[in-house]
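Chain by chain, the residues run as shown.
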Amino acid sequence: MKPVIVIHGGAGAMSRSAMSADKELVYHAALRRVLEAGQSVLAQGGTAVDAVTAAVLELEECPLFNAGRGAVFTSDSTHELDASIMDGATLRTGAIANVSHIRNPVLAARKVMEASRHVFFVGEGAERFARDHGLQMVEPSYFSTPERHAQLLRVQRDTPDAAVLDHDGQALVESQPAAPVHPLDMDKKFGTVGAVALDMHGNLAAATSTGGITNKQVGRVGDAPIIGAGCYASNQTCAVSTTGTGEMYIRMVAAYDIAARMRYTGASLQAAADAVMFEELPSIGGKGGLIAVDGQGNFVMPFNTEGMYRGFARPGQEPVTEIYR
Ligand code: ASP
């Protein structure tokens with residue numbers, strides 16, 4: 001059994017041609033910081049739940065990724081954030097959706113898991129729960145960045161009826177080089193963030209957090225906070241966090257399907273994840289990626305897009321970060 005933390009910062013159509021070497025370094029450095037946060041928890045004998053919380057917290061704080069600060073905009077130019085967490089040791093879980101004042105949605109999801117008799121809170125009630133439990137609240141403008149707003153305006157101009165996944169706007173960016181956009185900040189990248197971990201006690205955990213998809217309708221909720229779709233963990237099988245076209249991940253119950261295949265058919269993590277990522281999801285047009293780890297510390301990071309911001313780290317070893325295939 002080998003403890004490990006694995007993270008993603010979203011998948012999509014990012015291509016090498018649109019990314020300068022400097023920009024690439026910025027992303028690698030950010031992913032490394034995130035991994036180090038999770039790695040140090042694991043190295044000190046901390047739990048998988050603490051490791052995924054620490055990693056997702058870092059990702060939420062980093063405006064490069066579509067969770068917490070830097071979240072995408074809805075069609076009304078607002079933010080609606082979703083997050084979830086699950087403890088594979090106990091099957092306890094917590095999730096929140098449709099919030100716009102909680103600085104770190106993953107901490108609210110964790111509070112729900114640990115301090116509530118319920119599992120899933122949405123909207124105003126979720127915010128009240130977070131406030132009552134002393135979590136840091138912010139004005140919605142805290143989440144806004146000029147890049148994301150430019151992204152919304154571009155999507156509304158070019159494809160007004162589409163809700164667009166965060167990193168996938170690569171094509172748009174390339175076709176309109178003069179567009180006022182950070183070259184890494186593609187409109188069709190699926191910028192959700194997530195982490196999965198195995199700790200030295202043999203416990204698995206997963207967490208997922210997102211701003212959703214650009215130009216989504218107000219009230220829309222994706223897979224990220226849906227347990228079994230965008231997040232799942234059970235010590236019996238695996239821990240999973242996803243990124244991509246949330247509607248398809250919900251319809252395929254993607255995260256749980258990986259665990260179920262392992263449990264019911266004895267499939268390996270790799271085989272189960274590949275079947276979901278490359279057969280089931282594409283069969284209904286699902287695009288994106290996922291990360292998953294099993295109880296032995298084997299992990300996978302498959303995606304069916306051009307790239308996925310991702311990385312892994314084991315205690316005492318150099319973190320590894322990757323963007324493309
Ligand atoms: N899965 C997320 C959602 O549908 C989007 C993403 O991965 O960026 O809300």
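## Comments concerning the packing of aromatic side chains
No. 1: Summed over the entire model, instances satisfying the criterion amount to seven aromatic pairs.
No. 2: An angle of 80 degrees between the planes, with centres 6.0 Å apart, marks the rings of F65 and Y309 as edge-to-face. A residue pair is termed long-range when its members are at least 10 positions apart, and F65 in the loop between α2 (48-61) and β2 (81-87) and Y309 in strand β11 (residues 307-313) qualify at 244 residues. Here the two residues F65 and Y309 agree in accessibility, since each one is buried.

## Thoughts on the site of the ligand
No. 1: The ligand sits among 11 residues. The nearest are G191, T192, R220, D223 and T243.
No. 2: Between the ligand and T192, the relevant distance is 2.7 Å, taken from an oxygen atom to a side-chain nitrogen or oxygen of the residue.
No. 3: Here the ligand loses 100% of its free accessible area of 270 Å² to cover by the protein chains.
No. 4: Class assignment of the residues belonging to the shell around the ligand gives a composition of two nonpolar, seven polar and two charged.

## Overview of the confidence of the model for the protein
No. 1: Scored by pLDDT, the protein comes out at a mean of 91, with 93% of its residues at no less than 70.
No. 2: Mean pLDDT across the elements of the protein bottoms out in helix α6 (residues 170-175) (40) and peaks in strand β7 (residues 231-233) (99).
No. 3: Ignoring residues within four places in sequence, the model shows residues 169-185, a span with pLDDT below 50, making 38 contacts including any to other chains.

## Looking at the sheet that holds strand β12 (residues 320-324)
No. 1: Strand order in the open sheet made by the eight strands is β4-β3-β2-β6-β5-β1-β11-β12, with mixed pairing throughout. In this open sheet, the two strands that pair with only one neighbour each are β4 (120-122) and β12. Averaged over all pairs of adjacent strands, the angle between their axes in this sheet comes to 10 degrees, without regard to strand direction.
No. 2: Examined bridge by bridge, strand β3 (residues 92-99) and β4 share three bridges and lie parallel to one another. Among the inter-strand pairings, A97 is bridged to a residue of β4, identified as V122.
No. 3: In this fold helix α1 (residues 21-43) packs onto β1 (4-12), β5 (193-198), β11 and β12, with an angle of close to 140 degrees to the strand it touches most, β12.

## A closer look at the sheet that holds strand β9 (residues 288-294)
No. 1: Strand order across the open sheet formed by four strands is β7-β8-β9-β10, with antiparallel pairing between neighbours. Taken across any chain shown, the strands that pair with only one partner, and hence form the sheet edges, are β7 and β10 (299-300).
No. 2: By the bridge criterion, two bridges tie β9 to β10 in an arrangement that is antiparallel. Each bridged residue has a counterpart across the sheet, and for V293 the counterpart in β10 is F299.
No. 3: Docked against the sheet, helix α8 (residues 254-265) engages β7, β8 (238-244) and β9, running at close to 145 degrees with respect to β8.

## Section: the nonpolar core
Here is a general trend for soluble globular proteins: nonpolar side chains tend to be buried in one another's company.
No. 1: Of all hydrophobic cores here, the largest spans 52 residues; its most connected members are I5, I7, V52, F65, I96 and Y309.
No. 2: Residues V6, Y249, I258 and M277 belong to the second largest nonpolar core, which totals 37 residues.

## Considering helix α3 (residues 105-115)
No. 1: Three or more residues of α3 are buried, namely P105, V106, A108, A109, R110, V112 and M113.
No. 2: In this structure, the buried residues of α3 make contact with α2, β2, β3, β4, α4 (123-132) and β6 (204-210).

## Here we look at the packing of α8 against helix α9 (residues 269-283)
No. 1: Running from N to C, α8 and α9 cross one another at 135 degrees; their axes reach a closest spacing of 9 Å. Taken together, α8 and α9 sit at an angle that is classed as oblique. Helix-helix and strand crossings are classified by hand; for α8 and α9 the assignment is right-handed. Residues A254, D257, I258, R261 and M262 of α8 touch α9, and the partners they reach there are L269, A272, A273, A275, V276, E280 and L281.
No. 2: Of the residues belonging to the contact of α8 with α9, the class tally is nine nonpolar, no polar and three charged.

## A short note on the packing of α2 against α3
No. 1: Between α2 and α3, the shortest axis-to-axis distance is 8 Å and the interhelical angle comes to 150 degrees. It follows from the interaxial angle that α2 and α3 lie roughly antiparallel. On the side of α2, the interface is formed by V49, D50, T53, V56, L57 and E60, while α3 contributes P105, V106, L107, R110 and M113.

## Regarding α2
No. 1: The end-to-end C-alpha separation of α2 is 20 Å, in line with the 20 Å expected for 14 residues at 1.5 Å each.
No. 2: Within α2, 10 of the 14 residues are buried, which leaves the element mostly enclosed by the surrounding structure.
No. 3: If you check which residues of α2 are buried, you get A48, V49, A51, V52, T53, A54, A55, V56, L59 and E60.
No. 4: On its buried face, α2 sits against β1, α1, β2, α3, β5 and β6.

Reading the values: the criteria
- Residues numbered from 1 in each chain as written.
- Predicted model: local features only at pLDDT ≥ 70, side-chain atom pairs only at ≥ 80, totals over all residues.
- Heavy atoms only, no water.
- Phe/Tyr/Trp six-rings, centres within 6.5 Å; stacked < 30°, edge-to-face > 60°.
- Helix = DSSP H or I, 4+ residues; strand = E, 2+ residues; numbered from the N terminus.
- Buried < 20%, exposed > 50% of the residue type's maximum accessible area, 1.4 Å probe, protein only.
- Near = heavy atom within 4 Å.
- Polar contact = N/O pair within 3.5 Å; in protein donor to acceptor, adjacent residues only side chain to side chain.
- Areas by Shrake-Rupley, 256 points an atom, 1.4 Å probe, with all protein chains shown as cover.
- Nonpolar A, V, L, I, M, F, W, Y, C, P; charged D, E, K, R; others polar.
- pLDDT = per-residue confidence, 0-100.
- Contact = heavy atoms within 4.5 Å.
- Pairing = 2+ DSSP bridges.
- Axes fitted to C-alpha atoms, helices over the stretch in contact; angles between N-to-C directions.
- Core = buried A, V, L, I, M, F, W, Y, C linked by side-chain atoms within 4.5 Å.
- Parallel < 35°, antiparallel > 145°, perpendicular 65-115°, else oblique.
- Left-handed = near helix turned anticlockwise from the far one by under 90°.
- Expected span 1.5 Å × (residues − 1).

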